[in-house]
Amino acid sequence: MSSKDVPPPLPEPLLVPVTDSHTHLDMQSGTVEEALTKAAAVGVTTVVQVGCDLKGSQWAADTAAQYDQVHAAVALHPNEAPRIVLGDPDGWSRQGARTPGGDAALDEALAEIDRLAALPYVRAVGETGLDYFRTGPEGMAAQERSFRAHIEIAKRRNKALVIHDREAHADVLRVLDEEGAPERTVFHCYSGDAEMAEICAAKGYYMSFAGNVTFKNAQPLRDALAVAPLELVLVETDAPFLTPAPYRGRPNAPYLIPVTVRAMAAVRGIGEDELAGAIAVNTARAFDY
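It should be emphasised that the depicted structure is a prediction, and the values quoted were computed from it without experimental measurement.

Of the regular secondary structure elements, the protein chain holds ten helices and eight strands. C-alpha atoms of the protein chain, sized along the principal axes, occupy 50 × 45 × 35 Å. Per-residue burial over the protein chain gives 53% buried out of 289 residues. A total accessible area of about 11800 Å² is found for the protein chain, and carbon and sulfur atoms account for 54% of it. Computing the positive centroid from 26 side-chain charges and the negative centroid from 40, the protein chain places the two 2 Å apart.

This part covers helix 7 (residues 194–203). For an α-helix the count is 3.6 residues per turn, leaving residues at separations of three or four pointing the same way. Taken as a whole, helix 7 has its buried residues at Met196, Ala197 and Cys200. Down the axis of helix 7, the sector holding all buried residues measures 105°, keeping them to one side. The exposed residues of helix 7 that point more than 90 degrees off its buried face are Glu195 and Ala202. Tucked inside the fold, the buried residues of helix 7 contact strand 5 (160–166), helix 6 (169–179), strand 6 (185–187), strand 7 (206–209) and helix 8 (219–227).

What follows concerns the nonpolar core. Within the largest apolar cluster, 84 residues are counted, with the highest numbers of intra-cluster contacts made by Phe147, Leu176, Phe187, Tyr190, Met264 and Phe287. Once residues lying within four places of it in the same chain are set aside, the contact partners of Phe287 are Ser21, Val48, Arg123, Ala124, Ala160, Val162, Arg184, Val186 and Leu234.

With that out of the way, let us pick up the environment of Asp20. Inspection of the secondary structure assignment puts Asp20 in strand 1 (residues 18–23). Among all residues touching Asp20, those that are not within four sequence positions of it are Val44, Thr46, Val47, Val48, Val235, Glu236, Thr237, Pro254 and Ile257. Within the structure, the side chain of Asp20 is placed 2.6 Å from the side chain of Thr237, a separation counted as a polar contact.

Definitions and limits used
Note that residues are indexed from 1 along each chain, following the sequence as it is written. Whole-chain, interface and lining totals are the exception, using all residues; otherwise, since this is a predicted model, local features are given only for residues with pLDDT of at least 70 and side-chain atom pairs are given and counted only at 80 or more. The basis for the side-chain values is all heavy atoms of the structure; hydrogens and waters are excluded. Numbering of helices and strands runs from the N terminus; a helix is a DSSP stretch of H or I covering at least four residues, while a strand is a stretch of E covering at least two. Partly exposed describes any residue whose relative accessible area lies between the buried limit of under 20% and the exposed limit of over 50%, with all areas from a 1.4 Å probe on protein chains only and scaled to the type maximum. Only the protein chains shown count as cover for residues, with accessible areas throughout obtained via the Shrake-Rupley method and a probe of 1.4 Å. Neither His nor the chain ends is counted toward charge; the positive residues are Lys and Arg and the negative residues Asp and Glu. Working definition for charges: the position is that of NZ of Lys, CZ of Arg, CG of Asp or CD of Glu. To be clear, the arc concerns the directions from the helix axis to the C-beta atoms. Any pair of residues with heavy atoms lying within 4.5 Å of one another is described as a contacting pair. Among buried residues, those of type Ala, Val, Leu, Ile, Met, Phe, Trp, Tyr and Cys that are joined through side-chain atoms within 4.5 Å constitute a nonpolar core. Pairing of N or O atoms within 3.5 Å defines a polar contact, subject to two protein rules: one partner must be a possible hydrogen donor and the other a possible acceptor, and residues neighboring in sequence count only if both atoms are side-chain atoms.

Below you can see the structure in the form of structure tokens.
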């Protein structure tokens, strides 16, 4: 095993339990039980399991039904929508190569997300939004159509909306304004700057910070965290991605949340217990559990 594959050690437990507001247990090694046990041992007592496609969303709903500590979010990831409509000849996604299905296939997939969103263990519709990093201009129309449909589902089902926004800040904010954002809207892995944080704060959007807030080059993220109202701040792993420093590049998991919470508390200039307490309340309010 190279050092890159070695899971980081367990951090000191948080004294005030928190929730990992965004994780992908289905992409992590080991069993769900193992992940939840390790997380609980350090004060991470709840996780929001997020779907990115039909299979993953069904898995999230099933897992949340099975475990009290798991809440589900269901959606087609912004990069999934163009794959459904235009096809995926390279097979970059987990489904392998796919042929174009057109708008009809996207409508069919969205109907399935809507069905899952009605389930009681499903607390959110997400992650949806826009991603201009991985999808080129040809996929933008499919992404935006899918995003608008997810907003409508979240409002009709009275669920939180979990947003994936990568290099698309202005358009994400525009679509939310045009459609009318759901009452509970979460920017997952918040990636904007302080100026955008002020816009989100004015609109009451939650900002969830991930391990990348600890990265050396992430000063704009720390500036955003410094100005975000405490009652709108959440924490997440986005595991297995975005492992916090000093473990960057190694596998991430919900049990590493304390590392990020401590870094966030330092940015805010408050104690970790105070921050954890606020995060716990905010996450329960955002996801209505």
